[in-house]
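Examination of the molecular architecture
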Amino acid sequence: MQWRSIVLGLVVLRLSVSCVLWLCFGLGPGVSWGFNFPINFNLHKLDLTPFKEERGSAGVPLKTTSWSQRIQGGGHSKHEPEEERWLSSCQDGSALAGSPQSSYLGLFDGHQDEYVRRYSSFPDSLKVKMKDMAKDMFYFGYDNYMKYAFPEDELNPIACEGRGPDVLNPSNININDVLGNYSLTLIDTLDTLLILGNVTEFHKAVQLVIDTVSFDKDSTVQVFEANIRILGSLISSHILLTDPKHPFGQVGLEGYDNELLHLAHDLAVRLLPAFENTSTGIPYPRVNLKTGVPPDSINETCTAGAGSLLVEFGILSRLIGDSTFEWVARRAVRALWSLRSNETGLLGNVVNIQTGQWVGKQSGLGAGMDSFYEYLLKSYILFGEKEDYRMFKASYESIQNHLRRGRESCNEGEGDPPLYVNVNMFNGQIMNTWIDSLQAFFPGLQVLNGDVENAICLHAFYYAIWKRFGALPERYNWQLQTPDVLFYPLRPELVESTYLLYQATKNPFYLHVGMDILHSLEKNAKVRCGYATLHHVVDKSKEDRMESFFLSETCKYLYLLFDDDNPLHKSENKYIFTTEGHVVPIDKRFREKQWNDLSPYEDGVLLDNQLEETFPSNISNCDRIPEERRYALPLKSVYMRQIDHMVGLF
């Protein structure tokens, strides 16, 4: 009889424990948390094996509401009966009170006041203080560059000295792709001076460029970097100097005779050999500014590097009336587009320029891919070419279909937060579990495309990572909730998206994000003569380098975020930023060509009779958020806390 009492006691104990778990946490035998955590109470690990997707009879991946479920082979199929899908995905919280997903989100209820208190208001006096702080940050870097580094390309802010190309080690492409011995930081910073209202220093810097810069140098540089940092800035500054509407006041320079435009033309001519002797029309990645393509040049290039030249080359062509530059850039875009997968519509990240074969089959939104998508939309906005918008729209649909994981709606429903992952371009299967910091640009692009809701969710994910580390690691592993690549070179992408989301929503939440970023940079990156790259986002060790984009983009977007009265915001004219943050007007003269298309449609480009659709005529999405939502959190507290938990903040 004694053993029966013992068994009965154990059964009662087990039932009691199960009841307590159900009542307190919504747990029970065989139940997992909302992120499919197994019941081992290890809330920061995802079971991501065996990296399989449910596939239909035709081999097409089935859609799911949860990227973690999809990786594990779970989730919902579009082939489910309609009523089952409604019951599993579309019921409200009360109807799902006993479900694992509801239980998971229920953990974050009751914490809403914390987020509301922190983010729902931002005093004007604090906004002025942050604007001044951003301005001081810029000038601390700029003044020290001019004092210790000019005319070299970059400032080493720890040693307080200049940096140029690594002539002793030509294979050091991390340095030599960018630094061409042409005063890179000064050129890249020109229009930032004007945005900060310093016309005197802008004139001084322009004159220095005219007097001292030459591209007749034995420097081998990356075509993409020279285009976005140097060519783009020269064109932007020339336009701002000569803009008859003078959005920044009287900024014309006495005696200016289009010298910046001539320099831009000279540089573009020196980049043209990259487009020669390539069987696909996709350019070589590097050129020597004196001699052309190096004899030992590789035949591989990334999609972004080859496909992100159209904005700068197109504006130059339309300014000088020479179709050559736009034509070669557009031919490269069309060539890449023709190589996309027939199954998914996706492109890879590295291609052989001679064979057209994909060397890198990863499709994502970060390094190697990012600005290709950005420039499809921005080229349409600037030039009005319908094929650019068709390519962008088709690309965006493929991205949403194959890269996006998580619940269908950003701000309602159950399931995991939306996330864009890296997949195989041919079948859409996940290739790895990291994303990179460059992907943080994508919410800004979504704003330009009018998809503000998705932008809000993705931005919140990157901001959560920033809150955890005080920076964005170059690569972050969303499975392990830890950085894969630890450095942060003061990149601007998160700041850019923050600025554009604030312009679209006017929500004070984004001012708080900007303030957090400012304080983090001051605390973690400021050194004796500038701001230094973080070598390690955890221990905050530093590298002695301040890249030019810190002044041309990061500081610029931070300043504009807090400067509601900037002429750029008050002007009747519309402007757009290049991928390097250079300002160019949306001007009807850029929608007019002095030539006929030499090959208006090539293989792989959608023709007029292939796709009937309307094209957006108003590219401003800044007024699409209802007034009542401008002073509520852009993302509900429960979802904000869910994302914070997802990146390991608690």
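Remember, predicted model here, so these are calculated numbers, not experimental data.

Parameters at a glance
- Residues numbered from 1 in each chain as written.
- Predicted model: local features only at pLDDT ≥ 70, side-chain atom pairs only at ≥ 80, totals over all residues.
- Heavy atoms only, no water.
- Helix = DSSP H or I, 4+ residues; strand = E, 2+ residues; numbered from the N terminus.
- Buried < 20%, exposed > 50% of the residue type's maximum accessible area, 1.4 Å probe, protein only.
- Contact = heavy atoms within 4.5 Å.
- Areas by Shrake-Rupley, 256 points an atom, 1.4 Å probe, with all protein chains shown as cover.
- Salt bridge = Lys/Arg side-chain N within 4 Å of Asp/Glu carboxyl O.
- Pairing = 2+ DSSP bridges.
- Disulfide = S-S within 2.5 Å.
- Expected span 1.5 Å × (residues − 1).
- Axes fitted to C-alpha atoms, helices over the stretch in contact; angles between N-to-C directions.
- Lys, Arg positive; Asp, Glu negative; His and termini not counted.
- Phe/Tyr/Trp six-rings, centres within 6.5 Å; stacked < 30°, edge-to-face > 60°.
- Lys NZ or Arg CZ within 6 Å of the ring centre and 35° of its normal.
- pLDDT = per-residue confidence, 0-100.
- Polar contact = N/O pair within 3.5 Å; in protein donor to acceptor, adjacent residues only side chain to side chain.

1. Digging into the overall build of the protein
Looking only at helices and strands, the protein features 24 helices and 20 strands. In the protein, which comprises 650 residues, the proportion classed as buried is 58%. Summarising the internal contacts of the protein: among those between residues at least 6 apart in sequence, 70% fall at separations of at least 24. Total accessible area on the protein is roughly 26100 Å²; 51% of this is exposed by carbon and sulfur atoms.

2. Side note on the pattern of salt bridges
With the rule as written, the count across this model stands at 26 salt bridges. Glu225 serves as the salt-bridge partner of Arg229, at 2.9 Å between the closest nitrogen and oxygen. Residue Arg229 and its partner Glu225 are both found in helix H11 (residues 223-242); the two are separated by four residues, about one turn of the helix. Look at Arg229 and you get buried, because its relative accessible area is 4%.

3. Some points on the pairing of strand E14 (residues 482-485)
Looking along a regular strand, one sees the side chains alternate between the two faces of the sheet. The sheet contact formed by strand E13 (residues 475-477) and E14 spans three bridges and is antiparallel. Across the sheet, the residue bridging to Arg475 is Val485, located in E14. The hairpin formed by E13 and E14 contains four residues between the paired strands, and Gln481 there has a positive phi angle of roughly 55°.

4. Concerning unusual backbone geometry
With an omega of 10°, the peptide bond between Phe150 and Pro151 qualifies as cis. Relative to the elements of secondary structure, Pro151 occurs in the loop between helix H6 (124-149) and strand E1 (154-156). At Asn277, a position not held by glycine, the phi torsion is positive, near 55°. Checked against the element boundaries, Asn277 lands in the loop between helix H12 (259-271) and strand E4 (286-288). If you check the backbone angles, Lys506 has positive phi at about 55° while not being a glycine.

5. Considerations on the state of the cysteines
What the rule picks out here adds up to two disulfides. Put simply, Cys160 and Cys529 are joined by a disulfide, and their sulfur atoms are 1.8 Å apart. Taking the torsion about the S-S bond as the criterion, the Cys160 to Cys529 disulfide, at about 90°, is right-handed. Here Cys160, found in the loop between E1 and strand E2 (161-163), pairs with Cys529, found in the loop between strand E15 (526-527) and strand E16 (530-531); they are 369 residues apart in sequence, far enough to count as distant.

6. What to know about helix H15 (residues 324-338)
Compared with an ideal rise of 1.5 Å per residue, which puts 15 residues at 21 Å, H15 spans 21 Å between its outermost C-alpha atoms and is within 8% of the ideal. By the criterion of burial, H15 is predominantly enclosed, with 12 of the 15 residues buried. Taken as a whole, H15 has its buried residues at Phe325, Glu326, Val328, Ala329, Arg330, Arg331, Ala332, Val333, Arg334, Ala335, Leu336 and Trp337.

7. Structural notes on the sheet that holds strand E6 (residues 350-352)
Judged by pairing direction, the sheet is antiparallel, and its three strands sit side by side in the order E5-E6-E7 without closing on themselves. Where the open sheet ends on each side, the last strands, each with one partner, are strand E5 (300-302) and strand E7 (358-360). On average, adjacent strands in this sheet sit at an angle of 35° to one another, irrespective of strand direction.

8. Focus on the side chain of Glu553
Its location among the elements puts Glu553 in helix H22 (residues 549-562). Here Glu553 sits buried without a salt bridge, and the closest side chain of opposite charge, Arg229, lies 6.9 Å off (N-O distance). Ignoring sequence-local partners within four residues, the contact set of Glu553 consists of Pro492, Thr579, Glu580 and Gly581.

9. Concerning the packing of aromatic side chains
In total, this model carries 27 aromatic pairs according to the counting rule given. Where Tyr380 meets Tyr389, the ring centres are 5.1 Å apart and the plane angle is 40°; that geometry is what we call tilted. Overall, the relative accessible area of 12% leaves Tyr389 in the buried class. Ring geometry for Phe441 and Phe442: centres 5.8 Å apart, planes at 75°, overall edge-to-face. Each member of the pair, Phe441 together with Phe442, is buried. An aromatic cluster is present here, built from Tyr115, Tyr119, Tyr463, Phe509 and Tyr510 joined pairwise through their rings. Looking at Arg475, its charged tip hangs above the ring of Trp434, at a distance of 3.7 Å from the centre. The residue whose ring lies beneath Arg641 is Phe650, and the NZ or CZ to ring-centre distance is 4.3 Å.

10. Details of the sheet that holds E13
Pairing within the open sheet is antiparallel, and its three strands lie in the order E12-E13-E14. This sheet does not close on itself; its edge strands, each paired only once, are strand E12 (434-436) and E14. Strand after strand, the sheet turns through a mean of 35° between neighbouring axes, direction not considered. Each of E12, E13 and E14 is contacted by helix H19 (residues 452-469), which is oriented at about 95° to E13, the strand it contacts most.

11. Observations concerning the confidence of the model for the protein
Per-chain confidence: the protein averages 84 in pLDDT, with 77% of residues scoring 70 or above. Counted against residues more than four places away or in other chains, residues 20-103, with its pLDDT under 50, gives 150 contacts. Per-residue pLDDT stays below 50 along residues 600-612; that stretch engages in 24 contacts with residues further than four places along the chain or on separate chains.

12. A word on the environment of Pro508
With respect to the helices and strands, Pro508 occurs in helix H21 (residues 508-524). For Pro508, a relative accessible area of 6% puts it in the buried group. Between the C-alpha atoms of Pro508 and Phe122, which are 386 residues apart in sequence, the distance is 5.7 Å.

13. Regarding H21
Residues lying three or four places apart along an α-helix face the same way, a consequence of the helix completing one turn every 3.6 residues. Under the 1.5 Å per step criterion, the end-to-end length of H21 is 24 Å for 17 residues, consistent within 8% with the ideal 24 Å. Within H21, 14 of the 17 residues are buried, which leaves the element mostly enclosed by the surrounding structure. The N-terminus of H21 is capped by Asn507, whose side-chain oxygen sits 2.9 Å from the backbone nitrogen of Phe509.

14. Side note on the side chain of Ser233
Mapped onto the secondary structure, Ser233 falls in helix H11. Residue Ser233 is classed as buried on the basis of its relative accessible area, which comes to 0%. When near neighbours in sequence (up to four residues on either side) are disregarded, Ser233 contacts Ile187, Asp188, Leu190, Ile228 and His582.

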